[in-house]
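Below, each chain spelled out in residue letters.
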2 protein chains.
Amino acid sequence: MAATDDLMLVRAAELYYEDNKTQDEIGALLRVTRWKVGRLLAQARDEGIVRIEIVHPRARRAILERQLADRFGLADAVVVPQTDDPQAVAAATATAAADYLAALRPIPRTLGVSWGRTIDSVAQALPDGWASGVTVVQVNGGLSLSRRGSDAAATAVTIAQKGGGTAITLPIPAILERRETREVIEADRTVAAALARADSASAYLYSAGVADADSVLVESGYLTKDDVTQLVRKGAVGDVLGRYIDAFGAIVDVGLDARTVGLGLDRLRTAPTAIAVIAGEAKHRVAHAVVSSGLCTILVTDESTAQSILRHHQIEESA
Amino acid sequence: MAATDDLMLVRAAELYYEDNKTQDEIGALLRVTRWKVGRLLAQARDEGIVRIEIVHPRARRAILERQLADRFGLADAVVVPQTDDPQAVAAATATAAADYLAALRPIPRTLGVSWGRTIDSVAQALPDGWASGVTVVQVNGGLSLSRRGSDAAATAVTIAQKGGGTAITLPIPAILERRETREVIEADRTVAAALARADSASAYLYSAGVADADSVLVESGYLTKDDVTQLVRKGAVGDVLGRYIDAFGAIVDVGLDARTVGLGLDRLRTAPTAIAVIAGEAKHRVAHAVVSSGLCTILVTDESTAQSILRHHQIEESA
DNA sequence: TCACTCGCTGCTCATATGAGCAGAGCCTGC
DNA sequence: GCAGGCTCTGCTCATATGAGCAGCGAGTGA
């Protein structure tokens, strides 16, 4: 393009977006028709000369959202902007998840939720009255064997209270010593009823755990660091609902899985609404595993994780 | 403002500016009227949530331009964006000055120009055919006593040639030894004719020099470093057309001024169009002196110089 | 408890802008 | 040199948006 056209592009953009002149007025100033001005402005936007940015803690990244949804066949994706502060990013992600849940239509009658730090943050971020009468069911076992902030039942209770509803908790250890023990406990009438409610929930909200010593499963005493190291050796990239998966979303230790209490992962794959809230650099790999293996229909994440998922998927497709 | 209002602001802005939805469509999505959407968007722009920036080498800074024009009663101001590269800023300033001159209406019949590195850059940046038949007059003496790139006459000749016109040069030393010598030379018929043309020019284009050893007047051999040191002691902040001025735009050495060849500064003050092109950190003080003492009607500068001028003027007014 | 004021809303009508089309001009190839 | 095709333009008509106004609701004060 000739230099004088560049100049006209820039001037038109400045007069329109900074001086708030109409296209008619700009046409008079630049001695071209208003139709030409319109084309110049469209070109300026197309070429990135005009840069429009939404700057706010609740802003999202629409382009990455669309790319994720299209690439993985997701019903929706929510991507929050990256900052240098991991805690700010985690908070923004939790807030975005809470926003999404509150805006979800139809509002789920029964919501299955996992427990952990991320979902607890989502619970804190939810506004009072986000729903009117919702049953919130805890979908994975979580009777804390050590005393920490992430109280499994508290998360479900908070979400239910803020939604003017009731909570059904699973005050059972997340992982038991023997498969038979799990089967007996899950067969118990009240436990079976809770698991039935979990299985028939209209929507799920969960996060994923990192396969490292920082996991709440280790912190809660269900697994040792050595356990996790072995799981990683077997290919584990993280856990969903306490169940360790590899990069392809497959269970890495069938025996451990058989001792794990709560909803099975196959149910997430068949659920019409499964919201995964997964952000932070440590969770890049498990986030990728979740979206690429159909474990969620909606992903709430941060910009850096979204980019990592899209980049790695591209590499895998060209391999 | 309530948190839910913030969220609605952000969503509306994202849907409008990033997803290109109409206000009607956004209203349906957010369950409000299109008039409410319009108000939300206006608020988002007002509060800076929507940030629109023009990114291009020829972009300008409209807000600073208006502030300079309003504060100093300038007919116009042109401010180019700051970058970290002083040479890029100088180039952008020269290009902006060339753009401005080429767009000036009516096109001046006679243009008085100074000589120096900055105006030579403007000459290089001018497009061929920027005018059709213009007389370009050199307004300050400039017969180079040493051989350097900034050839005084060449600048006026380049501008004239690109404008399809003719040049009238002043091949006389910028500063003479004695006032009487200057008077004799200026009385010479051909020199007097050139000065008369300079005095009756319809517009002027000039830059300012820094009062330091890097000045083209020192480089050209008219002054020594000691001369300049003395001038600075007397309060000089820089020179305009070879004439040293202080922070208030007043001549600091009347004797030196009497020996200086060319247009007097008073003529710049009465000219309807006097374009000063002054950018770079070293020229902040002389730029301020020029605009605050009515030596120009139009200033072409960079963002940093503009901010410095506005800041210092504010301090002086509150003193 | 009532009245008044202020702020926010929805609406009408005018203005601003865009989509699509037809025509013109320019460039390339035969 | 002519013809055809492509690109860019101005325009018409439809759509999108804004300005200003009237009405309603909420809050405050007497």
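K.L.:
Please provide a residue-by-residue account of the interface of chain B and chain A, values included.
P.N.:
Chain B puts 27 residues into the contact, and the matching count from chain A is 27 residues. Here chain B packs against chain A, burying approximately 2,600 Å² in sum over the two surfaces, 55% of which is carbon and sulfur. Connecting chain B to chain A are two salt bridges. Note that Arg66 of chain A is salt-bridged to Asp19 of chain B, the shortest N-O span being 2.7 Å. For the interface between chain B and chain A, the tally reads twelve residue pairs in polar contact (both at pLDDT 80 or more). Listed by contribution, the elements that provide at least two residues to the side of chain B that touches chain A are helix H1 (3-18), strand E1 (50-54) and helix H4 (62-72) of chain B. With nine residues, the single largest contributor to the side of chain B that touches chain A is H1 of chain B. Counted by class, the side of chain B that touches chain A contains twelve nonpolar, two polar and 13 charged residues. Here strand E1 (residues 50-54) of chain A runs beside E1 of chain B; their pairing, made up of five bridges, is antiparallel. Opposite Arg51 of chain A, over in E1 of chain B, you have Glu53 of chain B as the bridge partner.

K.L.:
Give a detailed account of the sheet that holds strand E8 (residues 238-240) of chain B, specifying residues and quantitative values.
P.N.:
Residues and elements named next belong to chain B. Read across the open sheet, the three strands follow the order E7-E8-E9; overall the sheet is antiparallel. Looking along the sheet, the strands with just one partner apiece sit at the ends: strand E7 (208-210) and strand E9 (243-245). Geometrically, the sheet is characterised by an average inter-axis angle of 35° between neighbouring strands, direction not taken into account. Of the pairings in the sheet, the one linking E8 to E9 comprises three bridges and is antiparallel in character. If you follow Gly238 over to E9, its bridge partner there is Ile245.

Thresholds, definitions, all that
Residues numbered from 1 in each chain as written. Chains lettered and ligands numbered in written order. Predicted model: local features only at pLDDT ≥ 70, side-chain atom pairs only at ≥ 80, totals over all residues. Heavy atoms only, no water. Contact = heavy atoms within 4.5 Å. Buried area = accessible area lost by both parts, 1.4 Å probe. Salt bridge = Lys/Arg side-chain N within 4 Å of Asp/Glu carboxyl O. Polar contact = N/O pair within 3.5 Å; in protein donor to acceptor, adjacent residues only side chain to side chain. Helix = DSSP H or I, 4+ residues; strand = E, 2+ residues; numbered from the N terminus. Nonpolar A, V, L, I, M, F, W, Y, C, P; charged D, E, K, R; others polar. Pairing = 2+ DSSP bridges. Axes fitted to C-alpha atoms, helices over the stretch in contact; angles between N-to-C directions.

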